[in-house]
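Here is how the chains run, residue by residue.
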Amino acid sequence: MAEPILMPKATAVWLVDNTSLTFEQVADFCGLHPLEVRGIADGEVARDIRGADPITNGQLNREELDKASADPKYRMQVQKSRHAELLKPQKKAPRYTPVSRRQDRPDAIAWFVRNHPEVTDAQISKLLGTTKSTIEAVRDRSHWNSANLKPVDPVTLGLVGQIELDAVVRKAADKKAKDDLKKGIVSDGPSLSPAGQAEEVAPEMVEDEDERGGRVDLKNVFANTGPAVDYDDEDED
């Protein structure tokens, strides 16, 4: 057999049900053991599997099937299926960084180290197309150009897109939050009050410190202030 076929057991079920091929012929074509094919014929194996026609999916032509049916010693040849090509995993090509931009990568690495320590070296390496050794050199300041490195947003440098950067940072932040939660670490930093709540609280009580360090109710201060004097009227009187 030249190459493995798609859905070998389903194909074997179809060949057993629809042809007069021997168990050895079916086993050789599907890459199975003859006893397994016998079990399919006896209903002991692959009971719930629906048969798949190898002719329809392009893995076998009618001429090969006719030859095998006429000669029990003939072994059918698997055809290359276009469906198999579509199902093959496509390996993503490594990120290419223009030569003119490669000297900017250490600056981008420094930006990640300073602003987003939760992003892993593997994520930085994949995003910027750099190596882990370069990232470590920037982090421990053993890089040959450490004295001149300046943290710069990789989007500004044209190394990545904003959407791609946001996705990486968000993924790293979510993972860190989950890890912190497992460790029992809860963030209790200050948070801003809703705008509606702030508007309700502000008119009721506004406090400030006087020169002696005490607290002064500014609302009461202004409440005790008398009416404004019209100096023009006094001059006339």
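A quick note: this is a predicted structure, and the numbers were derived from the prediction, not measured.

## Re the overall build of the protein chain
Along its length, the protein chain carries 13 helices and two strands. Put simply, 57% of the contacts in the protein chain that link residues at least 6 apart link residues at least 24 apart.

## Some remarks on the environment of Asn18
Mapped onto the secondary structure, Asn18 falls in helix H1 (residues 8-18). With 35 residues separating them in the primary sequence, Asn18 and Asp53 have C-alpha atoms 9.3 Å apart. Separated by 2.8 Å, the side chain of Asn18 and the backbone oxygen of Trp14 make a polar contact.

## Description of the pattern of salt bridges
Under the criterion given, the structure shown has four salt bridges. For Glu36, the salt bridge goes to Lys9, with nearest N and O atoms at 3.4 Å. On the criterion of sequence distance, the pair formed by Glu36 in helix H3 (residues 34-42) and Lys9 in helix H1 is long-range, its members being 27 residues apart. Given a relative accessible area of 35%, Lys9 falls into the partly exposed group. A salt bridge links Lys175 to Asp179; its shortest N-O distance comes to 3.1 Å.

## Brief notes about the confidence of the model for the protein chain
For the protein chain, the average pLDDT comes to 76, and 68% of its residues sit at 70 or higher. Here residues 188-214 is a poorly scored stretch, pLDDT under 50, and it has 16 contacts once near neighbours within four places are set aside; other chains count. Scored below 50 in pLDDT, residues 231-237 makes one contact in the model with residues more than four places away or belonging to other chains.

## Here's the deal with the packing of aromatic side chains
For the structure shown, the criterion picks out one aromatic pair. Ring geometry for Trp111 and Phe112: centres 5.2 Å apart, planes at 80°, overall edge-to-face. Assigned by exposure class, Trp111 and Phe112 land together as buried.

## Looking at the environment of Ala108
Here Ala108 is to be found in helix H7 (residues 105-115). The class for Ala108 is buried, based on a relative accessible area of 0%. With 51 residues separating them along the chain, Ala108 and Leu159 place their C-alpha atoms 8.4 Å apart. The residues contacting Ala108, other than those within four sequence positions of it, are Leu128, Val152, Pro154, Leu157 and Leu159.

## Regarding unusual backbone geometry
It is generally the case that most residues other than glycine have a negative phi and that most peptide bonds are trans. One non-glycine residue with positive phi stands out, namely Met7, at about 50°. Even without being glycine, Arg141 reaches a positive phi, approximately 60°. Looking at where Arg141 falls in the secondary structure, it is placed in the loop between helix H9 (132-139) and helix H10 (162-183). Judged by its relative accessible area of 58%, Arg141 falls in the exposed class.

## Quick notes on the packing of helix H2 (residues 23-30) against H3
One can describe the packing of H2 onto H3 by two numbers: an axis separation of 8 Å at closest approach and a directional angle of 115°. Regarding the angle of H2 to H3, the classification is roughly perpendicular. Regarding H2 and H3, the two cross each other, and that crossing is right-handed. Facing Phe23, Val26 and Ala27 of H2, the residues of H3 in contact are Pro34, Val37, Arg38 and Ala41. Here the contact of H2 with H3 is composed, by residue class, of six nonpolar, no polar and one charged.

Quick notes on the rules
- Residues numbered from 1 in each chain as written.
- Predicted model: local features only at pLDDT ≥ 70, side-chain atom pairs only at ≥ 80, totals over all residues.
- Heavy atoms only, no water.
- Helix = DSSP H or I, 4+ residues; strand = E, 2+ residues; numbered from the N terminus.
- Contact = heavy atoms within 4.5 Å.
- Polar contact = N/O pair within 3.5 Å; in protein donor to acceptor, adjacent residues only side chain to side chain.
- Salt bridge = Lys/Arg side-chain N within 4 Å of Asp/Glu carboxyl O.
- Buried < 20%, exposed > 50% of the residue type's maximum accessible area, 1.4 Å probe, protein only.
- pLDDT = per-residue confidence, 0-100.
- Phe/Tyr/Trp six-rings, centres within 6.5 Å; stacked < 30°, edge-to-face > 60°.
- Axes fitted to C-alpha atoms, helices over the stretch in contact; angles between N-to-C directions.
- Parallel < 35°, antiparallel > 145°, perpendicular 65-115°, else oblique.
- Left-handed = near helix turned anticlockwise from the far one by under 90°.
- Nonpolar A, V, L, I, M, F, W, Y, C, P; charged D, E, K, R; others polar.

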